[in-house]
Amino acid sequence: SRAVLCRGGEALELSRDMKATKPEEIARVAAAGGFVTIGRVCGSLAVSRTLGDAALKRGPGGGGLTAEAEVLEVVLRAEDKFLLLACDGVFDVMTSQDAVDCARAVLERGGGGQEAAQALVDKALELKTLDNVTVVLAVLGDVGTAPGAAAAAAAPRRARSRVGGGLGGELDGAGA
């Protein structure tokens, strides 16, 4: 999963991918009682930190999977248009900038957050992603005719990459 902020039309990554191939993640999984084989936690998941997948978080040693995120806090600016949270099924087939461009195109023509999130899901499926696809999109600023955009852009705000709500604006999601 990845958090990406659209700042002035550019993708600003607020998280880093927690793949089970990174040495520090392999070590963390092993210390928690799990194992990594062929780049997969307990031979199953390619990511080492995730929401859900409770079976790999319980049991003897806990399996090594966790939902604990690294947190990056940024001060939001007027040019910040939306926050995109999506799972690796999206980012396996698109760059962060590709995802931002796809969502921006929908929002700039007057679509809402739900439509933009669904467009990202559809694009990932069209690009033949092999993983699950979930997208949450929070509209923060003036993009096309997004409701409440001017008020959302006026006051200084903070965003944390692991927090999906409480940002103001419109919060929508889609999945496949």
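Cut-offs applied
Residues numbered from 1 in each chain as written. Predicted model: local features only at pLDDT ≥ 70, side-chain atom pairs only at ≥ 80, totals over all residues. Heavy atoms only, no water. Helix = DSSP H or I, 4+ residues; strand = E, 2+ residues; numbered from the N terminus. Buried < 20%, exposed > 50% of the residue type's maximum accessible area, 1.4 Å probe, protein only. Areas by Shrake-Rupley, 256 points an atom, 1.4 Å probe, with all protein chains shown as cover. Phe/Tyr/Trp six-rings, centres within 6.5 Å; stacked < 30°, edge-to-face > 60°. Lys NZ or Arg CZ within 6 Å of the ring centre and 35° of its normal. Salt bridge = Lys/Arg side-chain N within 4 Å of Asp/Glu carboxyl O. Pairing = 2+ DSSP bridges. Axes fitted to C-alpha atoms, helices over the stretch in contact; angles between N-to-C directions. Parallel < 35°, antiparallel > 145°, perpendicular 65-115°, else oblique. Left-handed = near helix turned anticlockwise from the far one by under 90°. Contact = heavy atoms within 4.5 Å. Polar contact = N/O pair within 3.5 Å; in protein donor to acceptor, adjacent residues only side chain to side chain. Core = buried A, V, L, I, M, F, W, Y, C linked by side-chain atoms within 4.5 Å. pLDDT = per-residue confidence, 0-100.

### What about the overall build of the protein?
Turning to step 1, where the next piece is worked out: Secondary structure assignment for the protein yields five helices and nine strands.
Turning to step 2, where the next piece is worked out: For the protein, the sequential pattern of α-helices and β-strands runs β-β-α-β-β-β-β-α-α-α-β-α-β-β.
Turning to step 3, where the next piece is worked out: Considering the protein as a whole, with its 176 residues, one finds that 43% of them fall into the buried category.
Turning to step 4, where the next piece is worked out: For the protein, the exposed surface amounts to about 8,500 Å²; the carbon and sulfur share of it is 55%.

### Details of the packing of aromatic side chains
Turning to step 1, where the next piece is worked out: Overall, the coordinates contain zero aromatic pairs when judged by the stated rule.
Turning to step 2, where the next piece is worked out: Above the plane of the ring of F91 lies R2, whose end atom (NZ or CZ) is 4.2 Å from the centre.

### Description of the environment of V139
Turning to step 1, where the next piece is worked out: Among the secondary structure elements, V139 is positioned in strand β7 (residues 134–139).
Turning to step 2, where the next piece is worked out: Of the residues examined, V139 reaches a relative accessible area of 2% and is grouped as buried.
Turning to step 3, where the next piece is worked out: For the pair formed by V139 and D80, sequence separation is 59 residues and the distance between their alpha carbons is 9.0 Å.

### Here we look at the pattern of salt bridges
Turning to step 1, where the next piece is worked out: In the structure shown here, the tally under the stated rule is 11 salt bridges.
Turning to step 2, where the next piece is worked out: E108 is paired through a salt bridge with R104; the nearest N and O atoms lie 2.7 Å apart. Of the two residues, E108 and R104 both sit in helix α3 (residues 96–108), four residues apart, roughly one turn of that helix.
Turning to step 3, where the next piece is worked out: Take E108: its relative accessible area is 46%, and that puts it in the partly exposed class.
Turning to step 4, where the next piece is worked out: Taking the relative accessible area as the measure of exposure, R104 reaches 24% and is therefore partly exposed.

### Quick word on the pairing of strand β2 (residues 10–13)
Turning to step 1, where the next piece is worked out: Looking at chain direction, strand β1 (residues 2–7) and β2 are connected through four bridges and run antiparallel. Looking at β2, one finds that C6 is bridged to A11.

### Quick notes on the packing of α3 against helix α4 (residues 113–126)
Turning to step 1, where the next piece is worked out: The interhelical angle for the contact between α3 and α4, taken along N-to-C directions, is 140°, at an axis separation of 8 Å. The orientation of α3 with respect to α4, classified from their angle, is oblique. Every pair of crossing elements has a handedness; the one defined by α3 and α4 is right-handed. Facing A99, C102, A103, V106 and L107 of α3, the residues of α4 in contact are G113, E115, A116, A119, L120 and K123.

### Examining the environment of T129
Turning to step 1, where the next piece is worked out: Structurally, the position occupied by T129 is in the loop between α4 and β7.
Turning to step 2, where the next piece is worked out: In the structure, T129 is positioned 41 residues away from D88 in sequence and 9.2 Å away in space, judged by C-alpha atoms.
Turning to step 3, where the next piece is worked out: Ignoring anything within four residues of it in the chain, the contact list for T129 reads G89, V93 and A124.
Turning to step 4, where the next piece is worked out: A distance of 2.6 Å separates a polar side-chain atom of T129 from the backbone oxygen of G89.

### Examining the nonpolar core
Turning to step 1, where the next piece is worked out: In this structure, F82, L84, V90, F91, L120, V135 and L137 are the most contacted members of the largest nonpolar core, which totals 24 residues.
Turning to step 2, where the next piece is worked out: When residues of this core are traced back to their parent elements, those giving at least two are β1, β6 (80–86), α2 (88–91), α3, α4 and β7.
Turning to step 3, where the next piece is worked out: Non-local contacts of L84, meaning those with residues more than four positions away in its chain, are made with R2, A3, V4, F91, A99, L120, V135, V136 and L137.
Turning to step 4, where the next piece is worked out: Judged by nonpolar contacts, the second largest core, of eight residues, contains A3, L5, L14 and L76.

### Section: the confidence of the model for the protein
Turning to step 1, where the next piece is worked out: Per-chain confidence: the protein averages 80 in pLDDT, with 73% of residues scoring 70 or above.
Turning to step 2, where the next piece is worked out: A low-confidence stretch, residues 145–157 (pLDDT under 50), is modelled with 20 contacts involving residues beyond four sequence positions or located in other chains.
Turning to step 3, where the next piece is worked out: Confidence drops under a pLDDT of 50 for residues 159–170, and excluding neighbours within four residues, the segment shows 36 contacts in the predicted structure.

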